[in-house]
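# Secondary and tertiary structure notes
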Amino acid sequence: MNQEPWLQHRSLSLPLADAELDADLALPAGASGIVLFAHGSGSSRFSPRNRMVADYLNHLGLATLLLDLLTEDEHRIDMLSREFRFDIALLTRRLLAAIDHLRHDDELRQLPIGLFGASTGAAAALKAAAERASDVAAVVSRGGRTDLAGTALQQVKAPTLLIVGEWDDTVLALNRESARQLQGPQRLEVVPGASHLFEEPGKLEVVAELAGSWLLTHLQAQPK
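Residues numbered from 1 in each chain as written. Predicted model: local features only at pLDDT ≥ 70, side-chain atom pairs only at ≥ 80, totals over all residues. Heavy atoms only, no water.

Named according to an unreviewed UniProt entry, the protein chain is Alpha/beta hydrolase originating from Pseudomonas cavernicola.

### Some remarks on the overall build of the protein chain
The number of helices and strands found in the protein chain is 6 helices and 8 strands. When the elements of the protein chain are put in sequence order from the N terminus, they spell out β-β-β-α-β-α-α-β-α-β-β-α-β-α. Each of the 224 residues in the protein chain was classed as buried or not, and the buried ones make up 55%. Taking all contacts inside the protein chain whose residues are at least 6 apart in sequence as the whole, residues at least 24 apart take part in 68%. (Helix = DSSP H or I, 4+ residues; strand = E, 2+ residues; numbered from the N terminus. Buried < 20%, exposed > 50% of the residue type's maximum accessible area, 1.4 Å probe, protein only. Contact = heavy atoms within 4.5 Å.)

### Overview of the sheet that holds strand E1 (residues 7–15)
The strand order E1-E2-E4-E3-E5-E6-E7-E8 describes an open sheet built from 8 strands, whose pairing is mixed. Of all strands in the sheet, those bounded by a partner on one side alone are E1 and strand E8 (186–191). For this sheet the average axis-to-axis angle between neighbouring strands, irrespective of direction, equals 20 degrees. With 4 bridges connecting them, strand E6 (residues 136–142) and strand E7 (residues 160–165) associate as parallel partners. Counted as the bridge partner of Ser141 is Leu162 from E7. Packing against the sheet, helix H6 (residues 203–220) makes contact with strand E3 (34–38), strand E5 (113–118), E6, E7 and E8, and its axis sits at approximately 170 degrees to E6. (Pairing = 2+ DSSP bridges. Axes fitted to C-alpha atoms, helices over the stretch in contact; angles between N-to-C directions.)

### Remarks on the packing of helix H3 (residues 88–103) against helix H4 (residues 120–131)
Across the interface, H3 lies against H4 with an axial gap of 8 Å and an inter-helix angle of 55 degrees. Taken together, the axes of H3 and H4 lie oblique to each other. Remark: the crossing between H3 and H4 carries right-handed chirality. For the pair H3 and H4, the contacting residues are Ile88, Leu91, Thr92, Leu95, Leu96 and Ile99 in the first and Thr120, Ala123, Ala124, Ala125, Lys127, Ala128 and Glu131 in the second. (Parallel < 35°, antiparallel > 145°, perpendicular 65-115°, else oblique. Left-handed = near helix turned anticlockwise from the far one by under 90°.)

### A look at H6
Between the first and last C-alpha of H6 there are 26 Å, a value that for 18 residues agrees with the 26 Å anticipated at 1.5 Å per step. Within H6, burial applies to Leu204, Val207, Ala208, Leu210, Ala211, Gly212, Trp214, Leu215, Leu216, His218 and Leu219. On its buried face, H6 is in contact with E3, helix H1 (48–59), E5, E6, E7 and E8. (Expected span 1.5 Å × (residues − 1).)

### So, the pairing of E6
With respect to burial, E6 is a largely interior element, 7 of its 7 residues being buried. Both E5 and E6 contribute to a ladder of 6 bridges, which runs parallel. Within the sheet, the bridge partner assigned to Gly117 lies in E6 and is Ser141. Handedness of the crossover joining E5 and E6 through H4: right-handed. (Right-handed = clockwise from strand over helix to strand, strands pointing away.)

### Remarks on the nonpolar core
Formed by 46 residues in total, the largest nonpolar core has its most connected members in Ile34, Leu36, Leu65, Leu95 and Leu115. A total of 8 residues in this core trace back to one element, the largest contributor, which is H3. Ignoring sequence-local partners within four residues, the contact set of Leu65 consists of Leu12, Ala23, Asp24, Leu25, Ile34, Val35, Leu36, Phe37 and Leu102. Counting residues in hydrophobic clusters, the runner-up holds 25 residues, among them Val53, Leu66, Phe198 and Trp214. (Core = buried A, V, L, I, M, F, W, Y, C linked by side-chain atoms within 4.5 Å.)

### Regarding the packing of H1 against H6
Relative orientation and spacing of two packed helices are given, respectively, by the angle between their axes and the distance between those axes. Two numbers describe how H1 lies on H6: the axes approach to 9 Å, and their chain directions differ by 45 degrees. It follows that H1 is oblique to H6 by the angle criterion. The chirality of how H1 crosses H6 is right-handed. For the pair H1 and H6, the contacting residues are Arg49, Met52, Val53, Tyr56 and Leu57 in the first and Leu204, Glu205, Val207, Ala208, Glu209, Ala211, Gly212 and Leu215 in the second. Its residues placed into classes, the contact of H1 with H6 shows 9 nonpolar, 1 polar and 3 charged. (Nonpolar A, V, L, I, M, F, W, Y, C, P; charged D, E, K, R; others polar.)

The structure is reproduced here in structure tokens:
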């Protein structure tokens, strides 16, 4: 039972061309935008890290959609073979379909869209932002494999925030290079004393605060 009358929770099933994906929608009263979470390597909509960030965004008045980009069968295969988590083309197609689904939803279609991508999901978020420039108003990457977005980086128009832990050496180097390729408004935030998953005390809260500030600024600036 929902104990927060200002926040509406709903489970969704998104029928796409090649799959039916499960998603969890959290919709605050008077939401000023909606953020789609693109989960990364081996993760799902139940990721405790992304759920913590989503909860923070809900309290800022942003709706969130946590969705699985893989079906249950694909997820089981991926846990053994890791073959789907790096299929950026597949993840991007699924994310694009979810964006299109929102644009045809009578209740949600007017909300400006932000994307929050983690690990390989960040590459899908950036590619989707490049392909849906008129729909995506802002992007946030948490520890993202932004390099896997390839040449799409140069086509991203949406304001983009890259968040990386100070101790995540390889991903930090990749994000520095991605920041040089992005042509639109962008910022790279390095969280001191944080590793790839931001597991150190208080570091995930820093991620949430940075993401929240960025998304609020750029989604509220968009006409509904």
